[in-house]
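Observations on chain architecture
Chain residues, written in single-letter form:
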Amino acid sequence: MAKDFTISLPSWLSLLGVIGALGCGSAPAQAQAQQFSADLVRATPHDGATTSAGKLRVFDDKVRIETPDFPDGFFLIDGASRAAYFARPGERVFMDARQSSPLTHLFVPVDVGDPCLQWQAMAKLAGATDGNDPWRCERVGEESVGGRGVVVYRAISSPGRELLGWIDLNLKFPLRIRMQDGTSITVENIQEESQPARLFEIPSGFRKFDPEALIKRIKQSDVWVDGPPP
């Protein structure tokens, strides 16, 4: 004879709780990536005139910048892997960005508590700082840029060199950078929307161009002619 098998209501609730916990454990919630696009606007200190500094796209810790200063290509920055490239679709090549544009080491995702950590790392990658003098960030206060809450920092990279940065508390991204000469670049017309992942990758088939290697090859060829002795 089959034995009776009954489970009381409290037991069922306990069992459902265990199943629910196991389900949550097997599929942990993923952090939502920050994705948005925006315009970059440059303002000069002497007359306050504004001009376009380019277009910005962000996908979590990756950034794509298109600027009229370099109309034949675009910059790709990967904050997690500490890499910055300039790609030229017309020639299907890409190269290290180095010091070609300060945008690549300033407009990157940062730690709201200490943005200098990432700013210094990207500046060192670009060769814009030797790294001997650690950057120091001083919190100035809180303001609003374009209706968005920001915290303001003074970043001191070395004696006599500093800038101001307005960091969005939610996006964890600079909305404005003011250089020491008074020139400022502001992120405007922010559109928080999904970004195509392909825009943040070097297109397939592109080859890496190394200017230093090319110079070395030229020096070893008959084309190179040393200048006259001093």
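Before reading further, recall that the structure is shown in the block above.
Anyway, here's the lowdown on the structure attached to this text. (Residues numbered from 1 in each chain as written. Predicted model: local features only at pLDDT ≥ 70, side-chain atom pairs only at ≥ 80, totals over all residues. Heavy atoms only, no water.)

**Section: the layout of surface pockets**
Which entries qualify depends on this criterion: In the cavity and pocket records, a cavity denotes points on a 1 Å grid over the protein atoms alone where a 1.4 Å probe fits but cannot get out, a pocket denotes an open set with protein on both sides within 12 Å along at least 5 of 7 lines, and lining residues are residues with an atom within 4 Å of a point. Grid points are joined across faces, edges and corners, and a volume is the space filled by probe spheres set on the points. Residues are sorted three ways: Asp, Glu, Lys and Arg are charged, Ala, Val, Leu, Ile, Met, Phe, Trp, Tyr, Cys and Pro are nonpolar, and all the rest, Gly among them, are polar.
Volume-wise, the largest pocket comes out at about 380 Å³. Lining the largest pocket are 19 residues, and of these His-105, Trp-135, Ser-157, Arg-161 and Leu-163 lie nearest its centre. For the lining of the largest pocket, the residue count by class is 8 nonpolar, 7 polar and 4 charged.

**Focus on the nonpolar core**
The cut-off we apply is this: By convention a nonpolar core is built from buried Ala, Val, Leu, Ile, Met, Phe, Trp, Tyr and Cys residues, the set being connected through side-chain atoms within 4.5 Å. Note on classification: 1.4 Å probe, protein chains only; a residue is buried when its accessible area is under 20% of the maximum for its type, exposed when over 50%, partly exposed between these limits. Runs of E in the DSSP output that reach at least two residues are strands. Runs of H or I that reach at least four are helices, and both are numbered from the N terminus. Throughout, a residue-residue contact means that at least one pair of heavy atoms, one from each residue, lies within 4.5 Å.
In terms of nonpolar packing, the biggest core is built from 44 residues, with Leu-40, Leu-56, Phe-107 and Trp-119 touching the most fellow members. The dominant element in this core, judged by the number of residues it contributes, is strand E8 (residues 148-158), at 5 residues. In this structure, Leu-56 is in contact with Phe-36, Ser-37, Ala-38, Leu-40, Val-63, Arg-64, Ile-65, Phe-173 and Val-187, ignoring residues within four places of it in sequence. Listed in part, the 5 residues of the second largest apolar core include Phe-74, Leu-76, Ala-87 and Phe-94.

**Notes on the state of the cysteines**
Rule in force here: Two cysteine sulfurs form a disulfide in these notes if their separation is within 2.5 Å.
Under the criterion given, the structure shown has 1 disulfide. Covalently, Cys-116 is tied to Cys-137 through a disulfide, its sulfur atoms 2.1 Å apart. Sign of the S-S torsion, about 85 degrees for the bond between Cys-116 and Cys-137, identifies this disulfide as right-handed. Taken as a pair, Cys-116 in helix H3 (residues 116-126) and Cys-137 in strand E7 (residues 136-145) lie far apart in primary sequence, 21 residues in all. As far as the burial class goes, Cys-116 and Cys-137 line up, both buried.

**Some points on unusual backbone geometry**
Even without being a glycine, Arg-82 presents a positive backbone phi close to 55 degrees. The exposure class assigned to Arg-82 is partly exposed, which follows from its relative accessible area of 41%. One non-glycine residue with positive phi stands out, namely Arg-98, at about 50 degrees. Here Arg-98 is to be found in the loop between strand E6 (93-96) and helix H2 (103-106).

**With respect to the pattern of salt bridges**
Condition: Salt bridges are defined as contacts in which a side-chain nitrogen from Lys or Arg sits within 4 Å of a carboxyl oxygen from Asp or Glu.
All chains considered together, the criterion is met by 13 salt bridges. Note that Asp-72 and Arg-88 form a salt bridge whose closest N and O atoms lie 2.9 Å from each other. Taken together, the residues span a long stretch of sequence, with Asp-72 in the loop between strand E3 (62-66) and strand E4 (74-78) and Arg-88 in strand E5 (residues 83-88) at a distance of 16 residues. Given a relative accessible area of 25%, Arg-88 falls into the partly exposed group. The shortest N-O distance in the salt bridge between Arg-139 and Glu-142 comes to 2.6 Å. A network of salt bridges, in which partner residues are shared, links Arg-136, Glu-138, Arg-154 and Glu-162.

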